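Commentary on secondary and tertiary structure
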Amino acid sequence: MNQEARLPRNGKEGALYGAIICTLTVLFMSSINIILGVGEFNGEVALTILKVFPIIWVIVMIIEPVVIGRIAEKLTATFTQPTDSFNAKILFRILFTVLGMSFCMTFIGDMIGNGLSSQTFNHFLANWPRNFLIALFAESILIQPFARFVMVKLHASQDKKKSSAAGVTIHGLSEQKS
């Protein structure tokens with residue numbers, strides 16, 4: 001069976017893959033939004049980023065697989081064919097995931113940072129297009145390729161261990177027959 005080395009092959013690998021993507025995206029996007037909201041980067045802003053990071057990370061790790069990821073998978077299946085390339089399918093998946101996550105997290109992030117107010121909707125309208133474009137670029141060019149690189153290295157290591165174990169087993173059997 002020829003499995004795709006760039007994607008997770010089981011639930012544990014899926015959790016690792018998702019954690020890599022979520023961690024890098026949350027760190028990148030929350031840093032940008034907090035710095036832009038405050039207008040500068042200093043020690044206090046860095047501390048705020050570190051304080052908010054775990055809260056946002058947990059929210060993202062719940063929302064993406066439970067809601068947005070499922071919708072993105074269905075939309076990707078709708079807009080692609082089984083014969084389409086890996087890259088085409090990945091790009092559609094990134095587009096739909098970033099669309100949904102940027103929409104949700106722009107709203108949630110503003111509520112975490114500023115509370116729910118009459119300005120929340122105005123902030124959303126001003127910030128969401130920027131967040132969407134930045135996240136789409138970061139996911140497409142940096143974050144997702146890095147996560148797929150980690151999967152390739154993980155699978156190469158696993159395959160090497162399997163072939164070494166198979167070689168020991170085969171060698172051991174051939175010695176017993178001699």
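Residues numbered from 1 in each chain as written. Predicted model: local features only at pLDDT ≥ 70, side-chain atom pairs only at ≥ 80, totals over all residues. Heavy atoms only, no water.

As for the confidence of the model for the protein
Averaged over every residue, the pLDDT of the protein is 91; residues scoring 70 or more account for 92%. Mean pLDDT values for the elements of the protein range from 86 in helix α4 (residues 120-177) up to 96 in helix α2 (residues 43-79). (pLDDT = per-residue confidence, 0-100. Helix = DSSP H or I, 4+ residues; strand = E, 2+ residues; numbered from the N terminus.)

Things to note about helix α3 (residues 86-114)
Between the first and last C-alpha of α3 there are 40 Å, a value that for 29 residues agrees with the 42 Å anticipated at 1.5 Å per step. Backbone geometry just after α3 places Gly115 at a positive phi near 75 degrees. (Expected span 1.5 Å × (residues − 1).)

Things to note about α2
Compared with the 54 Å implied by 1.5 Å per residue over 37 residues, the 45 Å span of α2 between its first and last C-alpha is markedly short. Along α2, the sharpest change in direction is near 55 degrees and occurs at Glu64; proline Pro65 comes one to four residues later. Val45, Ile49, Val52, Ile56, Val60, Ile63, Glu64, Ile68, Gly69, Ala72 and Thr76 are the residues of α2 that are buried. Along its buried surface, α2 packs onto α1 (11-38) and α3. With a side-chain oxygen lying 3.0 Å from the backbone nitrogen of Glu44, the N-terminal cap of α2 falls on Asn42. (Bend = angle between axes of the 7 residues up to and from the residue. Buried < 20%, exposed > 50% of the residue type's maximum accessible area, 1.4 Å probe, protein only. Contact = heavy atoms within 4.5 Å. Polar contact = N/O pair within 3.5 Å; in protein donor to acceptor, adjacent residues only side chain to side chain.)

Section: the side chain of Asp110
Tracing the chain through its elements places Asp110 in helix α3. Although Asp110 is buried, it forms no salt bridge, and the closest oppositely charged side chain is Arg130 at an N-O distance of 8.7 Å. A distance of 2.6 Å separates a polar atom in the side chain of Asp110 from a polar atom in the side chain of Asn114. (Lys, Arg positive; Asp, Glu negative; His and termini not counted. Salt bridge = Lys/Arg side-chain N within 4 Å of Asp/Glu carboxyl O.)

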